[in-house]
Amino acid sequence: MRENILMISHNTHTFFINDIKYASNIFKRVVVICPYNGEVEKSIKELDNVEILYYYNNNILKYVFLSLYKILEKKKIYELCDSIKNKAFSIEYIKRFLFFIAFEKLVKIKFKKLKLSYDESASWIFYSAWYYATAYAVSELKLKYKFAKTVTLAHSFEIDPIKNKYINVLFRKQYHNNLDRVCFISYNVYNSFKENIAKPLGLSLNNTEVRYLGTKKIFNGISHFSKDGCLRIVSCSNMIPIKRVDLIFMTLDDIRDIPIEWVHFGDGSEMNYIRDMVKNKKNHNLTVKLTGSIDNAEIHKYYISNNVDIFINVSKSEGIPVSIMEAMSYGIPIIATDVGGNSEIVNNDFGILISSNPTIKEIKESILELINLSDEEKRHMQKNALSFFEMNLNSDILRRNFFTMIQNI
């Protein structure tokens, strides 16, 4: 049984912050390498066995310069040649390549501060939050601390060619087989990996499995449906093209015979574009609130403090969206596109799965179908959403089991 864990992430996504807390309940010592974030600082304040080795994103360039000499290493040259062979070599590829080797250097420098002996590494798990640069970094770290075990999560970004065109390069062949466990967040992500990455690259599947992340319900209670004739819809995502937030707006702008309140949580490159669309809306019955970036806890608080009739997600690509699971945990019916792992967590008992590339008409019909249900049918959907969440997606159960499992590999 391993007593200590090193946790590494190149960002501070909500799931990673929660994982720090879960790990602290299982492991004797938790060391975290991640960018500085006030929410992380606040979350670990009372966790005596957690130590954070922060870095700052604007200092990554320093680690690029510190690791430039590594380009002459045999495996780095092999990687560059492989990218040329696969026609992936480009300016963007070079930026990512440098990020990988910089992150490798950053992790080694940070971890060296712990002054562990080689033998002491037998009590450690090296955990990567992403099947990307952090997974590469822990696989390289293991070359020095050979008695440690390495584990990584794998999300949709790392294996989806829509989100990441470099899925078959960037050291993938070099680090995959050096990982003791690769845990995919959904069966859809896993199947995509097998077909698009493992098969063409000849990677082993012996170290792979599916482990749902789930999510944490922060507050007790549920979100009740509206009874005043107003339709209240919530969406939550980055405002980027792949999320198709504009399609949500265009659909709601086309439903003009009932009052609608739409709240979108999230910010991104399309914020000004969506704002301009809202300014020019044709539906006088539509009220829109674009919150921009907001603390995750505030979203949970909104669900128990306000009526919400439908949560909607029309993304082009997904893993298993935390935003959908969070809405379900408060009994909110879901409308979501049949992409990624959405079909694994959305069914007719508490929502509607629409086509992967829906029209305004299809989305509109799905919305009207849900709001035309009787009060009894709506309450039934609420209960089904809550039940499905508790049985399949409650991270308090899933992540406890996950960290107990990796403690014993």
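Relevant structure appears above.
Throughout what follows, the structure given in this document is the object of discussion.

A few words on the layout of surface pockets. Within this model, the largest pocket holds a volume of roughly 1,300 Å³. The wall of the largest pocket is formed by 41 residues, among which His-13, Ser-237, Asn-238, Lys-243 and Val-322 lie closest to the centre. If you list the elements that add at least two residues to the lining of the largest pocket, you get α1 (14-24), α7 (156-159), α12 (296-305) and α13 (322-328). It is α13 that contributes the most residues to the lining of the largest pocket, four residues altogether. In the lining of the largest pocket, the residues fall into 16 nonpolar, 17 polar and eight charged.

Counting through the fold element by element, Ala-133 comes out in helix α6 (residues 133-144). A relative accessible area of 0% means that Ala-133 is categorised as buried. The spacing of Ala-133 and Ser-9 is 124 residues in sequence and 8.9 Å in space, taken between C-alpha atoms. Look past the residues within four positions of Ala-133 in its chain and what remains in contact with it is Phe-99, Phe-100 and Phe-103.

Glancing now at the sheet that holds strand β9 (residues 260-265). Strands belonging to one sheet form pairs held by backbone hydrogen bonds; the direction of such a pair is parallel or antiparallel. Overall, parallel pairing links the six strands, which are arranged β10-β9-β8-β11-β12-β13 in an open sheet. The open sheet is flanked by β10 (286-292) and β13 (351-354), the only strands paired with a single partner. On average, each strand axis in the sheet is tilted by 15 degrees relative to the strand beside it, whichever way the strands run. Pairing between strand β11 (residues 310-313) and strand β12 (residues 334-337): three bridges, direction parallel. Bridged to Phe-311 within β12 is Ile-334.

Moving on, we get to the side chain of Ser-192. Residue placement: Ser-192 occurs in helix α9 (residues 187-201). Look at Ser-192 and you get buried, because its relative accessible area is 18%. If sequence neighbours within four positions are ignored, Ser-192 has contacts with Ile-159 and Ile-197.

So, about helix α11 (residues 271-279). Of all the positions in α11, only Met-271, Ile-274, Met-277 and Val-278 are classed as buried. Mapping the buried residues of α11 onto a view down its axis gives an arc of 125 degrees, with all of them on the same face. α11 presents Asn-272 and Lys-279 as exposed residues on the side facing more than 90 degrees away from its buried surface. Among the structural elements, α10 (245-253) and β10 are those in contact with the buried residues of α11.

Rules used throughout
- Residues numbered from 1 in each chain as written.
- Predicted model: local features only at pLDDT ≥ 70, side-chain atom pairs only at ≥ 80, totals over all residues.
- Heavy atoms only, no water.
- 1 Å grid on protein atoms, 1.4 Å probe; cavity = no way out; pocket = protein on both sides within 12 Å on 5 of 7 lines; lining within 4 Å.
- Points joined across faces, edges and corners; volume = space filled by probe spheres on them.
- Helix = DSSP H or I, 4+ residues; strand = E, 2+ residues; numbered from the N terminus.
- Nonpolar A, V, L, I, M, F, W, Y, C, P; charged D, E, K, R; others polar.
- Buried < 20%, exposed > 50% of the residue type's maximum accessible area, 1.4 Å probe, protein only.
- Contact = heavy atoms within 4.5 Å.
- Pairing = 2+ DSSP bridges.
- Axes fitted to C-alpha atoms, helices over the stretch in contact; angles between N-to-C directions.
- Arc of directions from axis to C-beta.

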